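Structure assessment
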Amino acid sequence: MTSGITPQSDGTAGIDLAGRTAMVTGAGSGIGRACAQALASAGAQVHVVDLDAEAAKSVAEEIGGHPHVVDLSRSELIEGLPADIDILVNNAGLQHVAPLTAFPPERFELLQKVMVHAPFLLLRQVLPHMSARGWGRIVNISSVHGLRASAFKAGYVTAKHALEGLSKVAALEGAPHGITSNCVNPGYVRTPLVEQQIAAQAAAHGIGPDQVIDEVLLNRSAIKRLIEPQEVAAIAVWLCGPHTGYITGASLPVDGGWSAA
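Model, not experiment: these values are computed from the prediction.

1. Observations regarding the pattern of salt bridges
Under the defined criterion, the tally for this structure stands at seven salt bridges. Notably, a salt bridge pairs Arg-33 with Glu-62, separated by 3.3 Å at the nearest N-O pair. One end of the pair, Arg-33, is in helix 1 (residues 30–41); the other, Glu-62, is in helix 2 (residues 53–63), with 29 residues separating them in the sequence. With a relative accessible area of 35%, Arg-33 lands in the partly exposed category. On the basis of relative accessible area, Glu-62 is assigned to the partly exposed category, the value being 45%.

In structure tokens form, the structure reads like this:
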């Protein structure tokens, strides 16, 4: 099923983030872009971080934010990002599908750098500012693959499981300073990354895109549709709101019932 939904709101109703500064990685498209838009709509100043210069600049211009073109696999470039951040959304990610025996080691390493090492470095950088202010929100865009495994996705599944652990440590260390850290765990979201997977699967199996979605991607989901990026972003913003200060160290499945089975 390719038909999605149009959320009735961006999830920011009743949430006032005026005076807060946010940073979203991988904010040039997909979930990251939706998070940047939603945070800006709630009043936050948003730093838009992406490898794609044009995408970063476009989103930043759209929301009145600040673009940063950074390759998150390069540790020395992360040091140049601002540290005075109140809300950190670790979203940047990439995928590679291959059997373990054929998985390129350099590709495996790249996934860990972008999805584990970069969030670790960013946490080291922003936590002192959050602690000094007595308030901070860390939202890690994980995946149902942070809770479950799928064959042929060793790099991605390993990285997302590691991000879950990192998030929990940040929750424990941040709690005395008014900082929460949580993971959001979506299933398949309608993003450019997933659209590429759909096209690749369709070509590999000689079937149509709708059949890939129904029979491959949504096979384990009780709700038979892709998730929209705005739905994930709404949960990210909700975690920054006034009624979620006691939620920390959690993983919130947004997977249409995948992990319930």
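2. A word on unusual backbone geometry
For Phe-152, which is not glycine, the phi dihedral falls at a positive 75 degrees. In this structure, Phe-152 sits in the loop between strand 5 (136–141) and helix 5 (154–174). A relative accessible area of 48% places Phe-152 in the partly exposed class.

3. Details of the state of the cysteines
Taken as a whole, this structure holds zero disulfides when the rule is applied. Cys-35 provides the cysteine sulfur closest to Cys-183, a residue in no disulfide bond, and the two sulfurs are 13 Å apart. Among the residues examined, Cys-183 registers a relative accessible area of 1% and is labelled buried. Cys-240 takes part in no disulfide bond, and the closest cysteine sulfur to it belongs to Cys-35, at a distance of 9.0 Å.

4. Topic: the packing of aromatic side chains
Under the definition given, this model contains two aromatic pairs. Seen in terms of ring centroids, Phe-103 and Phe-108 are 6.1 Å apart; in terms of plane orientation they differ by 85 degrees. Their pairing is edge-to-face. Assessed through its relative accessible area of 30%, Phe-108 is described here as partly exposed. Their ring planes at 25 degrees and their centres at 5.7 Å tell us that Tyr-188 and Trp-258 sit as a pair that is stacked. On the criterion of sequence distance, the pair formed by Tyr-188 in the loop between strand 6 (179–186) and helix 6 (192–205) and Trp-258 in the segment after strand 7 (251–254) is long-range, its members being 70 residues apart.

5. Notes on the pairing of strand 7
The alternating pattern of strand 7 places Leu-252 and Val-254 on a buried face, while none of Ser-251 and Pro-253, on the opposite face, is buried. Where strand 6 meets strand 7, four bridges bridge the pair, whose relative direction is parallel. Bridging across to strand 7, Cys-183 finds its partner in Ser-251.

6. A closer look at the sheet that holds strand 7
Spatially, the seven strands line up as an open sheet ordered 3-2-1-4-5-6-7, and their pairing is parallel. Looking at the sheet topology across the chains shown, the edges are occupied by strand 3 (66–69) and strand 7. The mean inter-strand angle of the sheet, taken between neighbouring strand axes irrespective of direction, is 15 degrees. One ladder, built from four bridges, connects strand 2 (residues 45–50) with strand 3; its direction is parallel. Looking at the pairing, Asp-50 lines up with Val-69 of strand 3. Contacts from helix 1 reach strand 1 (21–25), strand 2, strand 4 (87–90), strand 5 and strand 6, with the element oriented near 170 degrees to strand 1. Strand contacts of helix 5: strand 5, strand 6 and strand 7, with the helix running at about 155 degrees to strand 6, the strand carrying the most contacts.

Quick notes on the rules
- Residues numbered from 1 in each chain as written.
- Predicted model: local features only at pLDDT ≥ 70, side-chain atom pairs only at ≥ 80, totals over all residues.
- Heavy atoms only, no water.
- Salt bridge = Lys/Arg side-chain N within 4 Å of Asp/Glu carboxyl O.
- Helix = DSSP H or I, 4+ residues; strand = E, 2+ residues; numbered from the N terminus.
- Buried < 20%, exposed > 50% of the residue type's maximum accessible area, 1.4 Å probe, protein only.
- Disulfide = S-S within 2.5 Å.
- Phe/Tyr/Trp six-rings, centres within 6.5 Å; stacked < 30°, edge-to-face > 60°.
- Pairing = 2+ DSSP bridges.
- Axes fitted to C-alpha atoms, helices over the stretch in contact; angles between N-to-C directions.
- Contact = heavy atoms within 4.5 Å.

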